[in-house]
4 protein chains.
Amino acid sequence: MTTTIPKYSQKPICVVSGVGSGTGTGNACARLFGKRGYRVALIARYIESLQAAVTEINGYEGGEAAAFPITQYNKAEVSRVFKEIKAKWPGAEIRVAIYNTGHRVAKPFLELTQHDIGKCPAAAAATSLLSDLSCWANFLADRASEKSTDESVQTNILGGFAFSQEAILSFREYAINELGNRGVLIFTSATSAWRGNPTMAAFAAGKHGVRALSQSLNKEFGKQNIHVAHAIIDGPIITKITRKTFGTPEWDTNPDIVLNPADIATAYWYLAHQPRSAWTWEIDLRPAHETW
Amino acid sequence: MTTTIPKYSQKPICVVSGVGSGTGTGNACARLFGKRGYRVALIARYIESLQAAVTEINGYEGGEAAAFPITQYNKAEVSRVFKEIKAKWPGAEIRVAIYNTGHRVAKPFLELTQHDIGKCPAAAAATSLLSDLSCWANFLADRASEKSTDESVQTNILGGFAFSQEAILSFREYAINELGNRGVLIFTSATSAWRGNPTMAAFAAGKHGVRALSQSLNKEFGKQNIHVAHAIIDGPIITKITRKTFGTPEWDTNPDIVLNPADIATAYWYLAHQPRSAWTWEIDLRPAHETW
Amino acid sequence: MTTTIPKYSQKPICVVSGVGSGTGTGNACARLFGKRGYRVALIARYIESLQAAVTEINGYEGGEAAAFPITQYNKAEVSRVFKEIKAKWPGAEIRVAIYNTGHRVAKPFLELTQHDIGKCPAAAAATSLLSDLSCWANFLADRASEKSTDESVQTNILGGFAFSQEAILSFREYAINELGNRGVLIFTSATSAWRGNPTMAAFAAGKHGVRALSQSLNKEFGKQNIHVAHAIIDGPIITKITRKTFGTPEWDTNPDIVLNPADIATAYWYLAHQPRSAWTWEIDLRPAHETW
Amino acid sequence: MTTTIPKYSQKPICVVSGVGSGTGTGNACARLFGKRGYRVALIARYIESLQAAVTEINGYEGGEAAAFPITQYNKAEVSRVFKEIKAKWPGAEIRVAIYNTGHRVAKPFLELTQHDIGKCPAAAAATSLLSDLSCWANFLADRASEKSTDESVQTNILGGFAFSQEAILSFREYAINELGNRGVLIFTSATSAWRGNPTMAAFAAGKHGVRALSQSLNKEFGKQNIHVAHAIIDGPIITKITRKTFGTPEWDTNPDIVLNPADIATAYWYLAHQPRSAWTWEIDLRPAHETW
């Protein structure tokens, strides 16, 4: 268990997606990995908070971060972003990639819209709004109202596939480092990856899909010294959003009942630096008093 | 365990999707339920075989079947089909719905196209071809070449959501029958719903999603006396296609190693007629000698 | 799905253990299998109710049943009982064996005694009481008070191993019947086989062990056409005991919330007569309104 | 993620069981925790290697270790050992307890003896040999021949229960430390805790039981700030024994295919020092190239 990074010819890159809130798991990872020697590429759909995190990390001694806005986690967009990341730091290697994108949908099954479940038929191309205006309008409305943002299957599964392909295609170009890997891909997941529940059909389908993806990749690419891991986050995380929604005065100071993003980041750091003889596919993380 | 159907004011309807091959699980179910007193609505994207099954079932004493072609299992198309089914047999109740649609994708992860994984951005609306021509062309090409057909996430998960909403909305209108249910929804699934594997990332994500969906629905709607079940089919099924692909002269006469669709249909019949005090969510079915 | 038994040179035997209450799953199986053509061997530690079930089954047209008391489900005792069963009906084949023995322990972990968890060191041999008198006395006291009876690990796992060995050793001698099996072994299990919970450590360890056993056996002996299945019973079953404990006037007439043993027996009948091309390892059974 | 231990009034104790080989997981944990500030109590049935590890740890700067031989992991013996540990270091707190005891049985089901599966009826009390001499003789013979040693259910489950009760009873007396726990209990487990397989019935039943136990305890005692974790070790570990059995000249120098006990110990260190807002119940560890 090391707090120093492996040796590379130049400072390596850690890509983190889903940092929109500016306060959750993705941001905590960006800060920790940024502080300990990685260049950090932050990807998000909501860009207000993006620059603040970049500025903070760039303020660390030796800190280097950059923001990469994305409109949707589809193949084309994700490819474009990975190309921009490589162009930003020529010759640097992407050694850690954290797919932390997702959106929680919890509503009675019969109230789920196609938008909640899957993707807007035309959401892939912002220019083809006309092909399904009502869905897209709905998407924009949700976004405007800050109530909903994206959709479970698109965000979790299809986005996860696109992100994984870009990450693994990058990793395959690199030499095995002193820890024994060419790269590490980590997925942020949830208890809904283990079981379905009333009102959770859409979210559970998305997270089950992520779990299947991560397990398949772990088995397929372990032999190529690419490490794929899946983190079950079980419980409320302290973020700007949850604080507003669930918070009480003492809520976010009680680590027995809420997950501190910094503690999740520590777990991800450990996963990202395990020696090759003992790699983890799945880890679960929950507060001490969480009922499960 | 009964081989006679519950009493209804008129002959009830069993909806079966995914009957394209004319020889697999869906068709065996259609034949069995058609023989034992259900009107059978057959839904498929590939219509060549559709009429043959309908003709056969209509030839049974009292047999009644009709074909309902569909272009894709999205919300709009599935809604249209359910409306047409109800219009075909006015006043009859849809008491069993079998979502048997799916497509197996098995290829190295980096060879997966967006098309394999998810849906064509514009596939939902056949009229909006222009929005993503290359994907749609690919879809048509696959279909023309009979090599691939649809995509794992679209077919398994998004299609499953649309089908489930239509089925459950129908069931909720009906009285509880003598077995204790308002309707029974059964999903055809696979071992990939339990675990990911190399080359199976797309298929496993789809089937994991189906499993999550079915479990969430079972828990949400059991209390409304709607029964949702999930069948893990583990092993090769004798169909026109597998016979061509895997068959040896003796292959499909050896029930120790291949699944007979008629035996799967028997299991579905049992699931569809369990008394309310002992309902099954998940059952697995495999040949005696299958390694697992 | 048949309600008639396969053809044998003489009437076959169905062995059912755990029929002590006279009213639960084991008894319902005994009645159903006895009515439909099996000789039924009833095994139990508590013999008061044993004779009543035997008498009832013998009263059926063609019914044949016999009681086989046992002191504990250990190797020696179980072997003895299987020998006695074969001696009772010379030449008849044991084609179905249902291990329905178990005991539910639910108490705070720190209150669990060694007796709850494992077996009395000397319980195996009623004659060696002196080797651990306090445990044995405790056992007898529990038994006398009808509060507890046996222990989770001994009853579920060790008893299950002994019973399985005897059943499988018998099955291996027989020809493959028209359904494609030499014999069918079914375990009664519980939701605790899927997950541990507070106060359920001992019971969950036992049922997890049963599940592992049944899965290992299914995989090892399927190739020899021996079918092993595992039934998760999730919810309260109507028995003499639960009626006393949980019952309200309307309780046991509401199949939405309680399992009817007769319905479980129907599921076991289906499992015991599946054709070899589509065998089930695991099935779950719960009332329509059960929360899970 | 810290490499320094929390503050206590005096040096705390880490109890590690199953250190018989002198070279495996238990020993690596003892060395790591011994080096980083814990007094280490080593428990084992096979005492030849026990003293060597103690001597090595006592040779570290500030190292303190002691050996606690045990004849069997039953309640009486485990209680005695915990008492001796407390007597050895009066006033010191047992803050970490690692149940690393187990024995792998892999043989065709019908060749399993009662001894492989469960415990000798009289093994609990070495003085009551007479109660079941043949089993006990078998035990001694196995031990003498170094072929088998103990039994799956006794060692994994019953021993695990006894060890857990002693550990938790100790933890409950302590204050919450700066990491947020009163104590941490970790179980060494195996892939057999996730699935049964041919020839693995006895081992899988044992490890499934351990998993159920650990999950139940995690849920019951998390609320009391006692952390219980379960580690799935999937693959061959380099030990004196596996080196003799599987080793080739290059075998144990290839971390892509064998687990290094020191890397497992690092994972246990991380588990034992997670902050309370993000505790792990289950982690899996396997070499990069392991097929699973």
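These figures come from a predicted structure and were not determined experimentally. (Residues numbered from 1 in each chain as written. Chains lettered and ligands numbered in written order. Predicted model: local features only at pLDDT ≥ 70, side-chain atom pairs only at ≥ 80, totals over all residues. Heavy atoms only, no water.)

Looking at the overall build of chain A
Phase 1 of the analysis: If you tally the helices and strands in chain A, you get nine helices and seven strands.
Phase 2 of the analysis: By residue count, 65% of the 292 residues in chain A fall in the buried class.
Phase 3 of the analysis: A separation of at least 24 residues holds for 76% of the contacts in chain A among residues at least 6 apart in sequence.
Phase 4 of the analysis: Of the roughly 9,700 Å² of accessible surface on chain A, a fraction of 55% belongs to carbon and sulfur atoms. (Helix = DSSP H or I, 4+ residues; strand = E, 2+ residues; numbered from the N terminus. Buried < 20%, exposed > 50% of the residue type's maximum accessible area, 1.4 Å probe, protein only. Contact = heavy atoms within 4.5 Å. Areas by Shrake-Rupley, 256 points an atom, 1.4 Å probe, with all protein chains shown as cover.)

Here we look at the relation of the copies chain C and chain D
Phase 1 of the analysis: When chain C is fitted to chain D, the residual RMSD is 0.0 Å, and the transformation amounts to a turn of 180° plus an axial shift of 0.0 Å. These values place the two chain copies in the arrangement generated by a two-fold rotation axis.
Phase 2 of the analysis: Interface overlap between copies: 100% of the residues of chain C at the interface are likewise at the interface in chain D, consistent with a symmetric, same-surface contact. (Least-squares fit on C-alpha atoms with pLDDT ≥ 70 in both.)

Topic: the interface of chain C and chain D
Phase 1 of the analysis: Taken together, the contact pairs 44 residues of chain C with 44 residues of chain D.
Phase 2 of the analysis: Both faces considered, chain C and chain D share a buried interface measuring about 3,600 Å² in area, 70% of it formed by carbon and sulfur atoms.
Phase 3 of the analysis: Applying the counting rule to chain C against chain D returns zero salt bridges.
Phase 4 of the analysis: One can count 16 residue pairs in polar contact (both at pLDDT 80 or more) joining chain C with chain D.
Phase 5 of the analysis: Of all the secondary structure elements, the ones that give two or more residues to the side of chain C that touches chain D are α4 (114–117), α6 (152–171) and α7 (201–221) of chain C.
Phase 6 of the analysis: Sort the elements by how many residues they give to the side of chain C that touches chain D and α7(C) lands first, with 14 residues.
Phase 7 of the analysis: Partitioning the side of chain C that touches chain D into residue classes produces 24 nonpolar, 14 polar and six charged. (Buried area = accessible area lost by both parts, 1.4 Å probe. Salt bridge = Lys/Arg side-chain N within 4 Å of Asp/Glu carboxyl O. Polar contact = N/O pair within 3.5 Å; in protein donor to acceptor, adjacent residues only side chain to side chain. Nonpolar A, V, L, I, M, F, W, Y, C, P; charged D, E, K, R; others polar.)

Some details on the state of the cysteines
Phase 1 of the analysis: Taken as a whole and judged by the stated rule, the model has zero disulfides over all chains.
Phase 2 of the analysis: For Cys29(A), which is in no disulfide, the shortest distance to another cysteine sulfur is to Cys14(A) and amounts to 7.2 Å. (Disulfide = S-S within 2.5 Å.)

What about the packing of α6(C) against α7(C)?
All names here are of chain C.
Phase 1 of the analysis: The contact between α6 and α7 brings their axes to 7 Å, and the two run at 20°. Taken as axis vectors, α6 and α7 run roughly parallel relative to one another. As for how α6 packs across α7, the hand of that crossing is right-handed. Here Ser152, Asn156, Ile157, Gly160, Phe161, Ser164 and Ile168 of α6 come into contact with α7, specifically with Ala202, Phe203, Ala205, Gly206, Lys207, Gly209, Val210, Leu213, Leu217 and Phe221.
Phase 2 of the analysis: Split into classes, the residues belonging to the contact of α6 with α7 amount to ten nonpolar, six polar and one charged. (Axes fitted to C-alpha atoms, helices over the stretch in contact; angles between N-to-C directions. Parallel < 35°, antiparallel > 145°, perpendicular 65-115°, else oblique. Left-handed = near helix turned anticlockwise from the far one by under 90°.)

Structural notes on helix α3 (residues 75–88) of chain A
All names here are of chain A.
Phase 1 of the analysis: Over its 14 residues, α3 runs 20 Å from end to end, which matches the ideal 20 Å to within 8%, given 1.5 Å per residue.
Phase 2 of the analysis: Burial in α3 covers these residues: Glu77, Val78, Ser79, Val81, Phe82 and Ile85.
Phase 3 of the analysis: Where α3 is buried, its residues contact β1 (13–17), β2 (39–44), β3 (65–69), β4 (94–99) and α6 (152–171). (Expected span 1.5 Å × (residues − 1).)

Section: the relation of the copies chain B and chain A
Phase 1 of the analysis: Superposing chain B onto chain A requires a rotation of 180° together with a translation of 0.0 Å along the rotation axis, leaving an RMSD of 0.0 Å.
Phase 2 of the analysis: Both copies present the same face, since 100% of the interface residues in chain B are matched by interface residues at the equivalent positions in chain A.

Points about the pattern of salt bridges
All names here are of chain A.
Phase 1 of the analysis: Counting across every chain of the model gives 44 salt bridges over all chains.
Phase 2 of the analysis: Notably, a salt bridge pairs Glu93 with Arg95, separated by 2.8 Å at the nearest N-O pair. The pair Glu93 / Arg95 is uniform in exposure class, with both members buried.
Phase 3 of the analysis: Several salt bridges share partner residues, and in doing so they unite Lys11, Arg39 and Glu64 into one network.

Looking at the interface of chain B and chain A
Phase 1 of the analysis: The interface is formed by 44 residues belonging to chain B together with 44 residues belonging to chain A.
Phase 2 of the analysis: Regarding the contact of chain B and chain A, the summed buried area is about 3,600 Å², with carbon and sulfur atoms giving 69% of it.
Phase 3 of the analysis: Contact with chain A buries area across many residues of chain B, yet Phe109(B), Leu110(B) and Phe161(B) alone supply 19% of it, more than any other trio.
Phase 4 of the analysis: Counting across the chain B and chain A interface gives zero salt bridges.
Phase 5 of the analysis: Linking chain B to chain A there are 16 residue pairs in polar contact (both at pLDDT 80 or more).
Phase 6 of the analysis: No other element matches the 14 residues that helix α7 (residues 201–221) of chain B contributes to the side of chain B that touches chain A.

Some points on helix α6 (residues 152–171) of chain B
Residues and elements named next belong to chain B.
Phase 1 of the analysis: Compared with the 28 Å implied by 1.5 Å per residue over 20 residues, the 27 Å span of α6 between its first and last C-alpha is a close match.
Phase 2 of the analysis: The sharpest bend along α6 comes to roughly 30°, located at Gly159.
Phase 3 of the analysis: In terms of residue burial, α6 counts as a mostly covered element, since 19 of its 20 residues are buried. (Bend = angle between axes of the 7 residues up to and from the residue.)

As for the confidence of the model for chain A
Residues and elements named next belong to chain A.
Phase 1 of the analysis: Model confidence for chain A is summarised by a mean pLDDT of 86, while 85% of its residues fall at 70 or above.
Phase 2 of the analysis: Ignoring residues within four places in sequence, the model shows residues 120–150, a span with pLDDT below 50, making 47 contacts including any to other chains.
Phase 3 of the analysis: For this predicted complex, the interface score ipTM comes out at 0.88, while the overall pTM is 0.90. (pLDDT = per-residue confidence, 0-100.)

Focus on the environment of Ser79(C)
Phase 1 of the analysis: Looking at the element boundaries, Ser79(C) is found in helix α3 (residues 75–88).
Phase 2 of the analysis: In the structure, Ser79(C) is positioned 178 residues away from Ile257(C) in sequence and 38 Å away in space, judged by C-alpha atoms.

Topic: the pairing of strand β5 (residues 183–190) of chain A
Residue and element names in this part refer to chain A.
Phase 1 of the analysis: Among the eight residues of β5, eight are classified as buried, and the element is accordingly described as predominantly covered.
Phase 2 of the analysis: Judged by which residues are buried, β5 turns out to be covered on both faces: Gly183, Leu185, Phe187 and Ser189 on one side and Val184, Ile186, Thr188 and Ala190 on the other are all buried.
Phase 3 of the analysis: Across four bridges, β4 lies against β5 in parallel orientation. Across the sheet, Val96 pairs through a bridge with Val184, a residue of β5.
Phase 4 of the analysis: Bridging between β5 and strand β6 (residues 226–233) involves eight bridges; their strand directions are parallel. Paired with Ile186 across the two strands is Ala229, which belongs to β6.
Phase 5 of the analysis: Read as a crossover between parallel neighbours, the route from β5 over helix α7 (residues 201–221) to β6 is right-handed. (Pairing = 2+ DSSP bridges. Right-handed = clockwise from strand over helix to strand, strands pointing away.)

Comments concerning the packing of α3(C) against α6(C)
Residue and element names in this part refer to chain C.
Phase 1 of the analysis: Running from amino to carboxyl end, α3 crosses α6 at an angle of 35°, the nearest separation of the two axes being 8 Å. When the axes of α3 and α6 are compared, the crossing they make is right-handed. Contact with α3, carried on its side by Lys75, Val78, Ser79, Phe82 and Lys86, involves Ala162, Phe163, Gln165, Glu166, Ala167 and Ser170 of α6 and no other residues of that element.
Phase 2 of the analysis: Here the contact of α3 with α6 is composed, by residue class, of five nonpolar, three polar and three charged.

Concerning the environment of Ile186(C)
Residue and element names in this part refer to chain C.
Phase 1 of the analysis: Take Ile186: it is sitting in strand β5 (residues 183–190).
Phase 2 of the analysis: On a C-alpha basis, the gap between Ile186 and Ser152 in space is 18 Å, while along the polypeptide they are 34 residues apart.
Phase 3 of the analysis: Leave out the neighbours within four places in its chain, and Ile186 touches Ala97, Ile98, Tyr99, Ala229, Tyr268, Leu271 and Ala272.

Describing the environment of Glu173(A)
Phase 1 of the analysis: By the secondary structure assignment, Glu173(A) is in the loop between α6 and β5.
Phase 2 of the analysis: Between the alpha carbons of Glu173(A) and Gly22(A) there is a distance of 31 Å; along the sequence they are 151 residues apart.

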